[in-house]
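Fold and geometry: a report
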Amino acid sequence: MFDTENVPSLIKTYKEKWEEFREALINDEVQYFNLKKAKEITFLSVLDNMMKYEKDNNLIKIPFIVLNRHYSFCRATEFDKIKDKEPLSIERFLPNKDYIKDDNRFSPKGIEYLYLACKARWGEEKKYKYIEEVAMKEVRAKDRKRYGISKFRIPEKLQTFDKNIIDLTIADNKSFEEIEKNFIFQIKDAKTKEARHSEVEKLALKIYFKLMSEELFKPIKTDDKSNQYKPFHCLAEYFKQLGFDGLMFKSTVCNNGHGKNIVLFDKYYAEPFEYAIIDMPYVEPMKYKIFQRNNK
């Protein structure tokens, strides 16, 4: 599976193995939560072999302490103009299984994973303009509807290197051709066997993650979401089983250059602390209100 002498052929093979994996999940040949069976499929088997050695690779993981320092987060939620009265409970911005009636990208209906729009930032300034746009597009905001949009943060007690998310966006800014060219350049520059082996491992990771990210971006038919999402449900279960606490992935609905999301496997791994009420179409600047800190 690691024919580095012919990278285009390697990419083609990986794509074929992804399709086999996808079809097996969609056709219920294996259940998304049956990881033992899923690892018998070549795509996940190869990924599993890589992750045995690369699980702690800083290329693919982001610790919570880094998330807190360098990313801003927010989440949008549709409100009921009659039932949702202010001041709102902090719980209103957290997922509730009783209201999750549809499958999400990485979780079946009823599963309380926390999905947040996110954006990398520099310095201490936490700008939310662009991730608010991502968050509103993620809920498919419609005119004459009311939405709440809340800022989130990582709780202080979780700001450590012990908790990590896996970053599926590591190769999003390069094409497969660019990944190949960079590999050829780096492998020629590698002076030792260990250095060459390291470059081969990076190549495999980037191709795999690029492929998964591209598959995420493919449009899903609304009436077939439960089936089409099964491969990603399986991947989420797999990364969770490896000990990761969530995933970072690019937005499938927002192309403003800032469209990234994270999904956290525990809804209390991030906490809302300010919110605004928005009646669409949105015109006025947002006026945030401050929550009391969530002590959970």
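Read on for a plain summary of the structure. (Residues numbered from 1 in each chain as written. Predicted model: local features only at pLDDT ≥ 70, side-chain atom pairs only at ≥ 80, totals over all residues. Heavy atoms only, no water.)

1. Quick notes on the overall build of the protein chain
Across its full length, the protein chain carries nine helices and nine strands. A buried classification covers 47% of the 296 residues belonging to the protein chain. Within the protein chain, counting contacts between residues at least 6 apart in sequence, those at least 24 apart form 76% of the total. Accessible area for the protein chain stands at about 15900 Å²; split by element, carbon and sulfur atoms hold 48% of it. (Helix = DSSP H or I, 4+ residues; strand = E, 2+ residues; numbered from the N terminus. Buried < 20%, exposed > 50% of the residue type's maximum accessible area, 1.4 Å probe, protein only. Contact = heavy atoms within 4.5 Å. Areas by Shrake-Rupley, 256 points an atom, 1.4 Å probe, with all protein chains shown as cover.)

2. Some words on the pattern of salt bridges
Going through the model one piece at a time under the given rule, you end up with 13 salt bridges. We note a salt bridge from Glu40 to Lys37, for which the minimum N-O separation is 3.6 Å. Judged by its relative accessible area of 57%, Glu40 is exposed. What makes Lys37 partly exposed here is its relative accessible area of 39%. Salt bridges sharing common partners tie together Glu19, Arg22 and Glu23. (Salt bridge = Lys/Arg side-chain N within 4 Å of Asp/Glu carboxyl O.)

3. Topic: the nonpolar core
Counting 51 residues, the largest nonpolar core has Leu47, Phe106, Phe209 and Phe239 as its most contacted members. Looking at this core, the elements that each hand over two or more residues are α1 (7–26), α2 (35–38), α3 (42–54), α6 (176–189), α7 (193–217), α9 (230–241) and β6 (246–250). A per-element tally of this core places α7 first, with nine residues. For Phe106, the residues in contact, after removing those within four places along its chain, are Tyr113, Tyr115, Leu168, Leu216, Phe232, His233, Ala236, Leu247, Phe249 and Val263. The next biggest cluster of nonpolar side chains, apart from the first, holds 22 residues, and it includes Ile62, Phe64, Cys118 and Ile154. (Core = buried A, V, L, I, M, F, W, Y, C linked by side-chain atoms within 4.5 Å.)

4. Notes on the environment of Leu211
Relative to the helices and strands, Leu211 is located in helix α7. Ignoring sequence-local partners within four residues, the contact set of Leu211 consists of Tyr14, Lys15, Trp18, Phe43 and Phe176.

5. Here's the deal with α1
If you check α1, its first and last C-alpha atoms are 28 Å apart, about what 20 residues at 1.5 Å a residue would give, namely 28 Å. Among all positions in α1, only Val7, Leu10, Ile11, Tyr14, Lys17, Trp18, Phe21, Arg22, Ala24, Leu25 and Ile26 are buried. Directly after α1, the chain includes Asp28, whose backbone phi takes a positive value near 60°. (Expected span 1.5 Å × (residues − 1).)

6. Comments concerning the pairing of strand β7 (residues 260–264)
Of all the five residues making up β7, four are buried; the element is thus mostly covered by neighbouring parts of the structure. Sheet analysis places strand β3 (residues 114–120) next to β7, joined by five bridges and oriented antiparallel. Bridging across to β7, Cys118 finds its partner in Lys260. In terms of strand pairing, β6 meets β7 through five bridges, oriented antiparallel. Paired with Phe249 across the strands is Asn261, a residue of β7. (Pairing = 2+ DSSP bridges.)

7. What about the side chain of Thr169?
Within the secondary structure layout, Thr169 lies in the loop between β5 (164–167) and α6. A distance of 3.1 Å separates a polar atom in the side chain of Thr169 from a polar atom in the side chain of Lys260. In this structure, Thr169 is in contact with Met248, Phe249, Lys250 and Lys260, ignoring residues within four places of it in sequence. (Polar contact = N/O pair within 3.5 Å; in protein donor to acceptor, adjacent residues only side chain to side chain.)

8. So, unusual backbone geometry
With a phi close to 60°, Asp28 is a non-glycine residue in the positive phi region. Mapped onto the fold, Asp28 is located in the loop between α1 and α2.

9. Some thoughts on α3
End to end, α3 covers 18 Å across 13 residues, agreeing with the expected 18 Å (1.5 Å per residue, within 8%). Burial in α3 covers these residues: Phe43, Leu44, Val46, Leu47, Asp48, Met50, Met51 and Glu54.

10. Re the packing of α1 against α9
Packed helices, taken two at a time, are described by the angle their axes make and the gap between the axes. Between α1 and α9, the least distance of the axes is 8 Å, while the angle of their chain directions is 100°. Comparing the axis directions of α1 and α9 gives the class roughly perpendicular. The segment α1 lies against α9, with Trp18, Phe21, Arg22, Leu25 and Ile26 engaging Lys230, Pro231, Phe232, Cys234 and Leu235. Residue classes in the contact of α1 with α9 are distributed as eight nonpolar, no polar and two charged. (Axes fitted to C-alpha atoms, helices over the stretch in contact; angles between N-to-C directions. Parallel < 35°, antiparallel > 145°, perpendicular 65-115°, else oblique. Nonpolar A, V, L, I, M, F, W, Y, C, P; charged D, E, K, R; others polar.)

11. Re the packing of aromatic side chains
One pass over the full model with this rule turns up 15 aromatic pairs. Taken together, the ring pairs in this structure connect Tyr14, Trp18, Phe21, Phe43, Phe106, Tyr208, Phe232 and Phe249 into an aromatic cluster. The aromatic ring of Phe244 is capped on one face by Lys55, whose charged end is 5.7 Å from the ring centroid. Across from the ring centre of Phe232, 5.5 Å away, lies the NZ or CZ of Arg105, which sits over that ring. (Phe/Tyr/Trp six-rings, centres within 6.5 Å; stacked < 30°, edge-to-face > 60°. Lys NZ or Arg CZ within 6 Å of the ring centre and 35° of its normal.)

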